[in-house]
Every structure is written in C-alpha cells, then in structure tokens.
Amino acid sequence: MSRMPHIRPIWIVLVIVVVLAAWLASGMVGNTDQSAAEAAPKADKAEPVSVAVRTSTAESVWREVELNGRTAPDRAVTLRAQTAGRIESVQARRGARVNANDVLARIAVDDRSASRNEARAVVEQRRLQYEAVRKMSEKGYQTRTDLAQAKSDLEAAQAQLAEIQQDIDNTVIRAPFAGVLETRPVEIGDYVGVGDEIARVIQQDPFVVRGDLAEKDVAFVEPGQSGHARLIDGRTVDGTVRYVATEADEATRTYPVELEVDNPSGRLVSGASAKLILPLEEVEAHDVAADLLTLNEAGDMGIKTIGEDGRVAFHTADIVKSNDERLWLGGLPETVRLITTGQGFVRAGDPVRIAGDADAAAGGAVAAPTQDDARPAANGADSDS
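Note that this is a predicted model, so its numbers are computed, not measured.

Draft legend 1. Highlighting the overall build of the chain. Secondary structure assignment for the chain yields three helices and 22 strands. Per-residue burial over the chain gives 35% buried out of 385 residues. Contacts in the chain between residues at least 24 apart in sequence constitute 74% of all its contacts with a sequence separation of at least 6. Accessible surface, the chain as shown: approximately 23500 Å² in total, 51% of it carbon and sulfur.

What follows is the structure, encoded as structure tokens:
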C-alpha cells in the first residue's frame, strides 16, 4: 500500500487567497466597465447650455491711440540780467498776467547817464573834425589818409555811444510775450550781476499736451490732424497735432508728439497729467458693452459669438476705440451673433441652445439661462462671466 503525498496546510491557504483575489479583481473590472458604460450615455445626453444672443453689424469708426501725456506751455522763458546793478523797482507780481513789452523790473541807471552824455559830446567833436578834414581834403590840403583817420575816429565814438545806450536799455526788464509772470526772485534793493535770473514768463495760450507714440502708430499721425486730450480734472479739450518726431528716443524707442490746444481762460497748468487721444485710421468695428468681455482658457481677453454651425467661437479683443461703458472691437466678421447672457458657462467649440435673440422681434424679451440651463457643458466650461 502506497503512501499519499503530504500536502502542507500553508499551500492550501495560498491557493485560496489567490483564488479570492482573482475573483474580487474580476468583479471590480466588471463593475468599472459597467459604470463607464452607464455613464457614457448620460454624458452624451447632456443638453447644450442655453444662451441669449444679439446680432451686431460692424460700423465705420476711427481707431484711436491713447497715450499718457503731460501739459506744457507753448513757450517759457527765463529772463536774466544783461547788465549789473541794483534793482530799482519791480512792476509786476508773481502770477500776474503781462502783455508783450510790459516792464517787469528796472535796474538803477546810476552813472550810465553821465557816461552817455560824455559819449554824445565825443561823437559831436569827432563829427566836426571829420567835416573839417573832408572839406580840406576836397581842396587838396589834407591827404586821403587824414580823411580816413577822421572817419574812423567818428565811427569809434558812435560805437561807444551805442554801447552805453544799449547798457542803459538793458536796465529795463520787459516781458518778451504775453503770458504769466511765473517767478520773480528779485526785490527792490537786490544787486544782480550779468546772468542772474530776474523773472520767468510762461505763455498760457496756446498750451501743449505732449506724449510718446509707439513705433506701430507713428506712421498714422501727422502734423495738422485733429486730436483731443482728457485732462486730470475730467475735462476734454480739442486740439491740433503740431509736431511728430521723425527720430525715435534712443531710451524708449518712442516718438514724441505734441497736441496744441487753446487755453484762453488760462485754466491749464504746466506739468499736469493728461490722456492724449489721437485718431489713427478708419476701420470697421462692432459696438459692444464692456461687460461682455471674458477670458478663454489661455487667459486671453475677448468676446464669444455663435457661428453658423451653432457652436461657440472665441475672438480675441482688438479694441479699436473705447469709453467708460462701450467698446468698439475690430477683427470680427461684418455680422456676428454676440452672446449677451450665458457666455460664462460655455467655451469655444461648445454647442449651445439660443434662448433669446435681442434682434429677433421688436419688444421681445431676451430669455436668460435657467438654473438647469446655466450649468457647465459636459466637456467643461469657463468659470468667467
């Protein structure tokens, strides 16, 4: 009688564990496949999001550029003493409006009057000597050399008189043009030397708004064209471009531009911030509300429309012109259907259901997405609105 081989209990336990693990795994795979199979039809059955649209047709507008600018006077001159002396009088206060050639200050003449009288006497003496030599020369009693010397002496005396007279004229400081006396650092009794500052006069009308054009825009701006500036106090003033640089600033690679504006009341001040707005070219653009702008998955700002295929299309915003509430966007087809409600729940490529069209019927109400309609599409949606 043969002996049966001895099977250890440990092997029996291992076999049972392997069989159980295989059975459990097959059940999980089956359930996963079944769940996926059940979930797929549900995803396929997800209805398109309901949106409201408005049909928009492009219109002709001027593309504009808005620059950070600053105000400046048309002319500003610092007047300096051309002769030395004591300030004898001042005729204008700081901030006063002055006309061209108005006296601002006077330097004491002192002994300049006596020097002028002496120079006048010398001129008269030299003139008499010259006349005498000329007559004698005509009779042959004086040589041509003597005549030339007498004439030279007369001209030297006349030049000396003119120099003294100019020095006296320089004692009177006058406004070079109409404007405002911005500063006057001297007072009566002050002594000034040649080159010392006497006053600074600023012309207030016209005024200038300066900005810097980018390389891509400079070709569209030329002197003589119109523009306007939005001042720091909210006012908008119209003007004319008077200067466009033909050479770029080496540091910024921009081109300085100046807009000349009228300032009859003198309310504009120098150095204030301003927005310089210049028209560049006439283009076709759509007028849309600013709150229709949204972001795509890449973070680009733009607007969403409905294409001919009934799916969402995203257009990157090309802002041609703007104000506080409206935008004019270029780069779009001539006629588009803008998504006005529900754009935050769809993304490019999604099919949608149009719940209302603002232009479909006169007086018709535009339906907004309901709680069920305003849900993310099956393939995901933007979170922006």
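Draft legend 2. Summary view of the pairing of strand β20 (residues 326-329). Here strand β15 (residues 273-289) pairs with β20 via four bridges, running antiparallel. When the sheet's bridge partners are listed, Asp 287 is paired in β20 with Trp 328. The sheet contact formed by strand β19 (residues 319-322) and β20 spans three bridges and is antiparallel. Among the inter-strand pairings, Lys 321 is bridged to a residue of β20, identified as Trp 328. Remark: three residues form the turn of the hairpin made by β19 and β20, two consecutive strands paired antiparallel.

Draft legend 3. Structural detail: the pattern of salt bridges. In total, this model carries 17 salt bridges according to the counting rule given. The shortest N-O distance in the salt bridge between Arg 112 and Asp 167 comes to 2.7 Å. On the criterion of sequence distance, the pair formed by Arg 112 in helix α2 (residues 112-138) and Asp 167 in helix α3 (residues 144-169) is long-range, its members being 55 residues apart. With a relative accessible area of 11%, Arg 112 lands in the buried category. One network of salt bridges, in which partners are shared, links Asp 74, Arg 210, Arg 242, Glu 258 and Glu 260.

Draft legend 4. Spotlight on the nonpolar core. Among the nonpolar cores identified, the biggest contains 23 residues, and Leu 213, Val 221, Val 257, Leu 259 and Leu 278 are the most heavily contacted of them. Going through the elements one at a time, β2 (59-73), β11 (207-213), β12 (226-231), β13 (236-244), β14 (255-261) and β15 are the ones with two or more residues in this core. Grouped together as the second largest cluster of nonpolar side chains are 17 residues, Ile 87, Ala 92, Ile 173 and Val 192 included.

Draft legend 5. Seen up close, the packing of aromatic side chains. Considering all chains together, one arrives at zero aromatic pairs under this definition. The lysine or arginine in question, Arg 75, covers the ring of Phe 177, its NZ or CZ lying 4.3 Å from the ring centre.

Draft legend 6. Expanded view of the side chain of Lys 304. Of note, Lys 304 is situated in strand β17 (residues 301-306). You can call Lys 304 buried: its relative accessible area is 2%. Within polar-contact distance, the side chain of Lys 304 engages the backbone oxygen of Val 346 at 2.6 Å.

Draft legend 7. Here's a closer look at the sheet that holds strand β8 (residues 179-183). Pairing is antiparallel across the open sheet formed by four strands, whose spatial order is β3-β10-β8-β5. Edge positions in the sheet fall to β3 (76-80) and β5 (97-98), since each has one partner strand and no second. Bridge count between β8 and strand β10 (residues 197-202): three bridges; the pairing is antiparallel. Considered in β10, the bridge of Leu 181 is made with Val 201.

Draft legend 8. Region of the structure containing the environment of Thr 78. Among the secondary structure elements, Thr 78 is positioned in strand β3. A sequence separation of 104 residues divides Thr 78 from Glu 182, and the C-alpha atoms of the two residues are 9.6 Å apart. In this structure the side chain of Thr 78 is engaged in a polar contact, spanning 2.9 Å, whose partner is the side chain of Arg 200.

Draft legend 9. Quick peek at the pairing of β17. Counting buried positions along β17 gives five out of six residues, so the element sits mostly inside the fold. With two bridges connecting them, strand β16 (residues 294-295) and β17 associate as antiparallel partners. From the neighbouring strand, Leu 295 faces β17, where its bridge partner is Met 301. Connecting β16 to the antiparallel partner β17 that follows it, the hairpin turn spans five residues, and Gly 299 within it adopts a positive phi of roughly 90 degrees. As defined by bridge partners, β17 adjoins strand β18 (residues 312-316) across five bridges and the pair is classed as antiparallel.

Draft legend 10. Structural detail: the environment of Pro 185. Mapped onto the fold, Pro 185 is located in the loop between β8 and β9 (191-192). Each C-alpha atom, one on Pro 185 and one on Ile 198, is 6.3 Å from the other, the two residues being 13 residues apart in sequence. Ignoring anything within four residues of it in the chain, the contact list for Pro 185 reads Asp 190, Glu 197, Ile 198 and Ala 199.

Draft legend 11. Looking closely at α2. Between the first and last C-alpha of α2 there are 39 Å, a value that for 27 residues agrees with the 39 Å anticipated at 1.5 Å per step. Turning to α2, its buried residues number three or more, namely Arg 112, Arg 116, Ala 119, Val 123, Tyr 130, Val 133 and Ser 137. Contact partners of the buried residues in α2: α3. Among the residues trailing α2, Gly 140 stands out with phi positive, at a value near 90 degrees.

Draft legend 12. A look at a negative patch on the surface. The grouping of Glu 59, Glu 282, Glu 284 and Glu 334 at the surface amounts to a negative patch. Position of Glu 59 among the secondary structure elements: in strand β2.

Draft legend 13. The arrangement of the sheet that holds strand β6 (residues 103-107) in detail. Reading across the sheet, the four strands line up as β7-β6-β4-β9 and stay open at both edges, with antiparallel pairing between neighbours. Each of the sheet's edge strands pairs with one partner strand only, and the pair in question is β7 (172-174) and β9.

Draft legend 14. View of unusual backbone geometry. Asp 205 connects to Pro 206 through a cis peptide bond whose omega is 5 degrees. Along the polypeptide, Pro 206 turns up in the loop between β10 and β11. Its identity as a non-glycine residue notwithstanding, Arg 253 has a phi of 55 degrees, on the positive side. Along the chain, Arg 253 falls in the loop between β13 and β14.

Conventions and cut-offs
Residues numbered from 1 in each chain as written. Predicted model: local features only at pLDDT ≥ 70, side-chain atom pairs only at ≥ 80, totals over all residues. Heavy atoms only, no water. Helix = DSSP H or I, 4+ residues; strand = E, 2+ residues; numbered from the N terminus. Buried < 20%, exposed > 50% of the residue type's maximum accessible area, 1.4 Å probe, protein only. Contact = heavy atoms within 4.5 Å. Areas by Shrake-Rupley, 256 points an atom, 1.4 Å probe, with all protein chains shown as cover. Pairing = 2+ DSSP bridges. Salt bridge = Lys/Arg side-chain N within 4 Å of Asp/Glu carboxyl O. Core = buried A, V, L, I, M, F, W, Y, C linked by side-chain atoms within 4.5 Å. Phe/Tyr/Trp six-rings, centres within 6.5 Å; stacked < 30°, edge-to-face > 60°. Lys NZ or Arg CZ within 6 Å of the ring centre and 35° of its normal. Polar contact = N/O pair within 3.5 Å; in protein donor to acceptor, adjacent residues only side chain to side chain. Expected span 1.5 Å × (residues − 1). Patch = residues over 30% accessible without salt bridge, like charges linked within 9 Å, V, L, I, M, F, W, Y side chains within 5 Å. Lys, Arg positive; Asp, Glu negative; His and termini not counted. Charge placed at Lys NZ, Arg CZ, Asp CG, Glu CD.

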